[in-house]
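Listed here are the chains, written in short residue letters.
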Amino acid sequence: MLDFNSKTHISDRINYHIDAAIAAQAEQQRGYLGASIVGHECERAVQYNYMATLGVVDKKPVEPRVKRIFDRGNVYEQKAIGWLCDAGFVFGGHQHRFSDFDGVFAGHCDGIIIDGPDCGVQLPALWECKCLQDKSFKAIIKDGLKKYSEAYWVQIHVYMAYLELERCLYTVVNANDMSLHHFVVDLDIEVARQGRQRVERVLTATKLGEMVPRCTSDKNYFICKWCEFFSTCWNK
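Residues numbered from 1 in each chain as written. Predicted model: local features only at pLDDT ≥ 70, side-chain atom pairs only at ≥ 80, totals over all residues. Heavy atoms only, no water.

Enquirer: Explain unusual backbone geometry to me, using residue names and the numbers behind them.
Expert: In this structure, Pro124 follows Leu123 across a cis peptide bond, with omega equal to 10 degrees. Note that Pro124 resides in the loop between β5 (111–115) and β6 (125–132). For Phe101, which is not glycine, the phi torsion reads 55 degrees and is therefore positive. Take Phe101: it is sitting in the loop between β3 (97–100) and β4 (105–108). The phi torsion at Asp102 lies on the positive side, around 60 degrees, for a residue other than glycine. Looking at the secondary structure, you find Asp102 in the loop between β3 and β4. The exposure class assigned to Asp102 is exposed, which follows from its relative accessible area of 83%. (Helix = DSSP H or I, 4+ residues; strand = E, 2+ residues; numbered from the N terminus. Buried < 20%, exposed > 50% of the residue type's maximum accessible area, 1.4 Å probe, protein only.)

Enquirer: Talk me through the pattern of salt bridges; I want residue IDs and the actual numbers.
Expert: All told, the structure shown has eight salt bridges when counted by the stated rule. The salt bridge partner of Asp19 is Arg68, with a shortest N-O separation of 2.8 Å. Of this pair, Asp19 sits in helix α1 (residues 10–24) while Arg68 sits in helix α3 (residues 64–86), placing them 49 residues apart in sequence. What you see here is one network of salt bridges that share partners, running through Glu43, Arg198 and Arg201. (Salt bridge = Lys/Arg side-chain N within 4 Å of Asp/Glu carboxyl O.)

Enquirer: Requested: an account of the packing of helix α6 (residues 150–163) against helix α7 (residues 189–207), with residues and values cited.
Expert: Viewed as axis vectors pointing N to C, α6 and α7 meet at an angle of 100 degrees, and their least axial separation amounts to 8 Å. Between α6 and α7, the interaxial angle falls into the category roughly perpendicular. Counted together, Trp153, Val154, His157, Val158, Ala161 and Tyr162 of α6 and Ile189, Val191, Ala192, Gly195 and Arg196 of α7 form the full contact between these two elements. Of the residues assigned to the contact of α6 with α7, the class counts are eight nonpolar, two polar and one charged. (Axes fitted to C-alpha atoms, helices over the stretch in contact; angles between N-to-C directions. Parallel < 35°, antiparallel > 145°, perpendicular 65-115°, else oblique. Contact = heavy atoms within 4.5 Å. Nonpolar A, V, L, I, M, F, W, Y, C, P; charged D, E, K, R; others polar.)

Enquirer: Tell me about the pairing of strand β7 (residues 167–174), and please be specific about residues and values.
Expert: For β7, the tally of buried residues reaches eight of eight residues, placing the bulk of the element in the interior. Alternating residues of β7 divide into Arg167, Leu169, Thr171 and Val173 and Cys168, Tyr170, Val172 and Asn174, and every residue in both groups is buried. Relative to β7, β6 runs parallel, the two being bridged by seven bridges. Across the sheet, the residue bridging to Leu126 is Cys168, located in β7. In this structure, β7 lies alongside strand β8 (residues 180–186), joined through seven bridges in antiparallel fashion. Looking at β8, one finds that Thr171 is bridged to His182. (Pairing = 2+ DSSP bridges.)

Here it is as structure tokens:
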């Protein structure tokens, strides 16, 4: 609770009400395990995400500031679609969906590009977009997507495999200076296969009342410290 004394800055007072309004908005819980989480560094975190869809465990509420970051990503995804369309690229609709395991595992890609100017990109191609701060933007350019985020890497290969696409055009927007970076990733069917096998392990273990292994035995490991299921996982 914010102390509304005379020394409290007006910005803090306004933000208190904004954050309270955002926090009060009901979070829509997916009824399925999403492809965006399958490549998470910790397989148990993937399992907890699935268990949360079943109502077996609770996820830590997303902070209002983080929700605003998600909103920013959605806004610039739509802006990037507009920029690409203005440049002559043609989308075959948006938010293409796949599902497997009787709908328990599913995903929605950002789009599929079916035509466009000659830029050295073979089409059709999956299209994915991220809006990232400057440090992350530069890290992807320097080190590549796989090193930057295994979750993003597995996600696009799963999408490509299920949607029967051979490549992905990935767009990254720099949230600091609005620079754009685009690159192509070819389908690695083995990455997609391993992602699906991970889903199968998680579903099977949960059905049997078992827990898959953690990524570490150290609860102070940085991945654990940021995990939304930290208390659930380590307090048992």
